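# Summary of structural features
Take a look at the letters that make up each chain.
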Number of protein chains: 2
Amino acid sequence: MKIGELSRATGTNIETIRYYERIGLLPAPHRTAANYRSYGDPHRARLTFVRHSRDLGFTIEEIRSLLDLSDDPARDCSEADRIASRHLAQVEDKIAQLTLLRDELTRIVGCCRGGVAADCRVIEALGDHGSCAGAH
Amino acid sequence: MKIGELSRATGTNIETIRYYERIGLLPAPHRTAANYRSYGDPHRARLTFVRHSRDLGFTIEEIRSLLDLSDDPARDCSEADRIASRHLAQVEDKIAQLTLLRDELTRIVGCCRGGVAADCRVIEALGDHGSCAGAH
DNA sequence: ATGCACCCTGTAGCAACTACAGGGTCAAGA
DNA sequence: TCTTGACCCTGTAGTTGCTACAGGGTGCAT
Ligand SMILES: [Zn+2]
Ligand SMILES: [Zn+2]
Ligand SMILES: [Zn+2]
Ligand SMILES: [Zn+2]
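Now for a look at the structure at hand.

Calculation rules
- Residues numbered from 1 in each chain as written.
- Chains lettered and ligands numbered in written order.
- Predicted model: local features only at pLDDT ≥ 70, side-chain atom pairs only at ≥ 80, totals over all residues.
- Heavy atoms only, no water.
- Phe/Tyr/Trp six-rings, centres within 6.5 Å; stacked < 30°, edge-to-face > 60°.
- Near = heavy atom within 4 Å.
- Polar contact = N/O pair within 3.5 Å; in protein donor to acceptor, adjacent residues only side chain to side chain.
- Helix = DSSP H or I, 4+ residues; strand = E, 2+ residues; numbered from the N terminus.
- Nonpolar A, V, L, I, M, F, W, Y, C, P; charged D, E, K, R; others polar.
- Donors = N, O, S within 2.8 Å, 3.2 Å for Na, K, Ca; no water.
- Buried < 20%, exposed > 50% of the residue type's maximum accessible area, 1.4 Å probe, protein only.
- Axes fitted to C-alpha atoms, helices over the stretch in contact; angles between N-to-C directions.
- Parallel < 35°, antiparallel > 145°, perpendicular 65-115°, else oblique.
- Contact = heavy atoms within 4.5 Å.
- Tetrahedral: all angles 85-135°; square planar, octahedral: opposite > 155°, others 65-115°.

### A closer look at the packing of aromatic side chains
Given two aromatic rings, their pairing is described by the distance between the two centres and the angle made by the two planes. One pass over the full model with this rule turns up two aromatic pairs over all chains. Between Y19(A) and Y20(A), the aromatic rings sit 5.9 Å apart at their centres with planes inclined by 45°, giving tilted as the arrangement.

Below you can see the structure in the form of structure tokens.
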């Protein structure tokens, strides 16, 4: 399959596929006589894995480790579990942090009663963390 | 005040202050005879505004608009409200999206029973969105 | 005079792509 | 046969918001 087909099959931008090859996340495929990349099913499966992991928020380096692991089926899988658990913890941290942010923003946005910039409570609140309710 | 003092006063990296000047977010300050930057209180207030807004997640371009607005005290403040409301909506979207992610990751992480990579449910789940419970 | 803390400019690096510029290849239609 | 258009190639530069040098100058104390 040519790169355009792989792109459509996996919902991945062509430039992104070439980028993944360049950084060594995907193996270089065979080339046709015209120097076109030619992919098979294992390539498609690997790219699907990468895209799904990216959609779940894993970094490229985490995905690299996960792929190394799945390339070596006899290895103990605890590292995969560790990577995923750590990522889950990071997502939870991020949610907590954004929730604080949301509360503070809700408070700030609610302060505006209209009028000129000189009297705007929103602009005032942005210049003064002292008026914030919580840490963020 | 020299750049080091401004840095300490606002909790901003020196390189970041110079970066803000370079991109036109902070005005170029006066220079001493030795070509050192020399800041006054208005600079400090402006940088405080910028840092607080960044801490609240506003982009540089949003902050630029907000500063433009506060530089022109007679203008109607509805744009500030619009920018802040839109940002709040984005934060809420992000929270919703991360919550879906968290649920999916919790499910995936819980699948691992230990063993070898070939049998790992975590690795399997990462390669197959079909096994996901929701959209993400 | 020499050490040290501080300041300057300019450039390059990070993550994870994305967007060209400038070219080659190939099948179908006029 | 010629040409149009869709596809492919490489290589480089842009995005966001910083951060980290390299290589130099300044100012004060010992
Ligand atoms: Zn207002
Ligand atoms: Zn605050
Ligand atoms: Zn496992
Ligand atoms: Zn999924």
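### Concerning the protein's contact with DNA strand C
Surveying the vicinity of DNA strand C reveals 20 residues, the closest of which are Y36(A), R54(A), G4(B), R18(B) and R37(B). When atoms of DNA strand C within 4 Å of the protein are split into backbone and base, the sugar-phosphate part holds 75%. Note that a phosphate oxygen of DNA strand C is positioned 3.4 Å from one of the side-chain N or O atoms of R51(A). R31(B) places a side-chain nitrogen or oxygen 3.0 Å from a phosphate oxygen of DNA strand C. In terms of residue count, the dominant contributor to the surface near DNA strand C is helix α2 (residues 14-22) of chain A (four residues). In the surface near DNA strand C, the residues fall into eight nonpolar, five polar and seven charged.

### Considering the protein's contact with DNA strand D
Around DNA strand D sit 20 residues, and of these G4(A), R18(A), R37(A), Y36(B) and R54(B) come closest. Sugar and phosphate atoms form 76% of the subset of DNA strand D atoms that lie within 4 Å of the protein. Take G4(A): an N or O atom from its main chain is 2.7 Å from a phosphate oxygen of DNA strand D. T16(B) is positioned such that a nitrogen or oxygen atom in its side chain is 2.9 Å from a phosphate oxygen of DNA strand D. A per-element tally of the surface near DNA strand D places helix α2 (residues 14-22) of chain B first, with four residues. Of the residues contributing to the surface near DNA strand D, the split by class is eight nonpolar, five polar and seven charged.

### Considering the coordination of the zinc ion (ligand 1)
Taken together, C112(A) (SG), C120(A) (SG) and C77(B) (SG) make up the full set of protein donors to the zinc ion (ligand 1), lying 2.2 to 2.3 Å away. Separated into two different chains, C112(A) in the loop between α5 (78-110) and α6 (121-126) and C77(B) in the loop between α4 (60-70) and α5 (78-110) make up a pair that spans both. According to the relative accessible area criterion, C112(A) is buried, its value standing at 14%. Judged by its relative accessible area of 1%, C77(B) falls in the buried class.

### Things to note about the packing of helix α1 (residues 3-10) of chain A against α2(A)
All names here are of chain A. Between α1 and α2, the least distance of the axes is 9 Å, while the angle of their chain directions is 105°. In terms of their interaxial angle, α1 and α2 are classed as roughly perpendicular. The residues of α2 that touch α1, namely those facing I3, G4, L6 and S7, are I14, I17 and R18. Of the residues in the contact of α1 with α2, the class split is four nonpolar, two polar and one charged.

### Observations regarding the coordination of the zinc ion (ligand 4)
Note on the zinc ion (ligand 4): its protein donors are H52(A) (NE2), H129(B) (ND1), C132(B) (SG) and H136(B) (NE2). The metal-donor distances range over 1.9 to 2.2 Å. One can describe the donor arrangement at the zinc ion (ligand 4) as tetrahedral, given that its four donor atoms subtend angles of 102 to 118° at the metal. Separated into two different chains, H52(A) in helix α3 (residues 41-55) and H129(B) in the segment after α6 (121-126) make up a pair that spans both. The class for H52(A) is buried, based on a relative accessible area of 4%.

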